[in-house]
Amino acid sequence: MSKWFYFNIILLILSVWQVVNHFSFPALSTPILFGLIGFLLFLFNWTRNAVFSTIRNTPDRKMKIKFVNISKRVMPFHRWTGTLALVFIVLHAISILHLYGFSFHNSKMVAGLLALLNLILMVITGWWRLIKPTGKLRRTHLRLGIALFFLIAIHLLL
Ligand code: HEM
């Protein structure tokens, strides 16, 4: 199994932990709900990286075949799931700005803004690959995914 499975599980636990500890819990406020849905859609897509990395590295043939089949089933939706994640995160940001306004002194907001910009680039490179499927774009998309993972982790931790 790829180490990314474990990283993703840790991030999932962190997000759930933050949500249940939010003052609005159990009645989730609109920004938190949008943020959580956007986050889960991102994580669903990012898990594909863990699946691919397992396919590449596992010596277990049975596991390889199982993961290839899962990946084939999920792949047609990948771009749409990513785009939907962006829609929910934009809604999250709009409702946050509506509720609190924006401040560069608020590090959670700054990390969130950087994550949003990163997500926009991810969605752009994801669709771009449909038009121009180069190795450079694939690597850029992957690196943006890694950066986004850590930006979201920082955003959730702050
Ligand atoms: C990929 C981008 C983003 C993701 C995945 C995301 C996800 C989340 C999640 C799951 C929460 C609830 C858990 C917590 O409080 O830590 C949250 C809270 C929050 N987010 Fe984001 N977010 C993103 C972008 C943004 C942006 C762009 C902003 C602001 C400009 C922002 C501002 C906030 C704030 C202020 C909270 C705390 C709200 C409160 O305590 O009531 N986030 N975010």
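The model shown is predicted, which means the values in this text are computed figures rather than measured ones.

Engineer: Which residues make up the overall build of the protein chain, and what values go with them?
Structural biologist: Along the protein chain, the regular secondary structure elements total six helices and zero strands. From first element to last, N terminus to C terminus, the protein chain shows the α and β order α-α-α-α-α-α. Seen through its C-alpha atoms, the protein chain measures out along the principal axes to roughly 50 × 35 × 25 Å. Sequence separation of 24 or more characterises 74% of the internal contacts of the protein chain that already satisfy a separation of 6 or more. On the protein chain, roughly 10,000 Å² of surface is accessible, and the fraction owed to carbon and sulfur atoms is 74%.

Engineer: Please give an account of the packing of helix 1 (residues 3–20) against helix 6 (residues 135–157) that cites residues and values.
Structural biologist: With their axes 10 Å apart at the nearest point, helix 1 and helix 6 run at an angle of 30 degrees to one another. The orientation of helix 1 relative to helix 6 falls into the category roughly parallel. Helix-helix and strand crossings are classified by hand; for helix 1 and helix 6 the assignment is left-handed. Across from W4, F7, N8, L11, L14, S15 and Q18 in helix 1, the residues of helix 6 making contact are I146, F149, F150, I152, A153, L156 and L157. For the contact of helix 1 with helix 6, a count of residues per class yields eleven nonpolar, three polar and no charged.

Engineer: Describe in detail helix 4 (residues 78–100), supporting the description with residues and values.
Structural biologist: Under the 1.5 Å per step criterion, the end-to-end length of helix 4 is 33 Å for 23 residues, consistent within 8% with the ideal 33 Å. Those residues of helix 4 lying buried are H78, T81, G82, A85, L86, F88, I89, H92, S95 and I96. In this fold, the buried residues of helix 4 make contact with helix 2 (30–57), helix 3 (61–74), helix 5 (107–131) and helix 6. Two residues or fewer past helix 4, G101 is found with a positive phi of approximately 80 degrees.

Engineer: Break down the environment of I96 for me, with residues and values.
Structural biologist: Structurally, the position occupied by I96 is in helix 4. Separated by 51 residues in sequence, I96 and N45 have C-alpha atoms that sit 24 Å apart. Not counting residues up to four positions away in its chain, the partners in contact with I96 are P31, G101 and M109.

Engineer: Please provide a residue-by-residue account of the site of the ligand, values included.
Structural biologist: The ligand sits among 21 residues. The nearest are H22, H92, Y100, K108 and H155. At 2.5 Å from an oxygen atom of the ligand is found a side-chain nitrogen or oxygen belonging to Y100. In this structure, H155 approaches the ligand through a side-chain N or O atom, which is 2.8 Å from a nitrogen atom. For the shell around the ligand, the secondary-structure elements that each account for two or more residues are helix 2, helix 4, helix 5 and helix 6. Counting residues per element, the shell around the ligand draws most heavily on helix 5, which supplies six residues. Looking at the shell around the ligand, its residues break down into 14 nonpolar, six polar and one charged.

Engineer: With reference to specific residues and values, describe the UniProt feature "transmembrane region" (unreviewed entry) in the protein chain.
Structural biologist: In the numbering adopted here, UniProt assigns the feature "transmembrane region" (unreviewed entry) to residues 5–20, 26–46, 80–103, 109–128 and 140–157. A helix fraction of 100% and a strand fraction of 0% characterise residues 5–20, whose end C-alpha atoms lie 23 Å from each other.

Engineer: With reference to specific residues and values, describe a nonpolar patch on the surface.
Structural biologist: Together, L97, F102, F104, L113, L114, L117, I120, L121, I124, W128, L130 and I131 make up an exposed nonpolar region whose accessible area comes to about 1,200 Å². The dominant element in the nonpolar patch, judged by the number of residues it contributes, is helix 5, at nine residues. Here L130 lies in helix 5. Overall, L130 belongs to the exposed group, its relative accessible area being 53%.

Procedures and definitions
Residues numbered from 1 in each chain as written. Predicted model: local features only at pLDDT ≥ 70, side-chain atom pairs only at ≥ 80, totals over all residues. Heavy atoms only, no water. Helix = DSSP H or I, 4+ residues; strand = E, 2+ residues; numbered from the N terminus. Contact = heavy atoms within 4.5 Å. Areas by Shrake-Rupley, 256 points an atom, 1.4 Å probe, with all protein chains shown as cover. Axes fitted to C-alpha atoms, helices over the stretch in contact; angles between N-to-C directions. Parallel < 35°, antiparallel > 145°, perpendicular 65-115°, else oblique. Left-handed = near helix turned anticlockwise from the far one by under 90°. Nonpolar A, V, L, I, M, F, W, Y, C, P; charged D, E, K, R; others polar. Expected span 1.5 Å × (residues − 1). Buried < 20%, exposed > 50% of the residue type's maximum accessible area, 1.4 Å probe, protein only. Near = heavy atom within 4 Å. Polar contact = N/O pair within 3.5 Å; in protein donor to acceptor, adjacent residues only side chain to side chain. UniProt positions renumbered as here; feature names shortened; annotations may be inferred. Patch = residues over 30% accessible without salt bridge, like charges linked within 9 Å, V, L, I, M, F, W, Y side chains within 5 Å. Salt bridge = Lys/Arg side-chain N within 4 Å of Asp/Glu carboxyl O.

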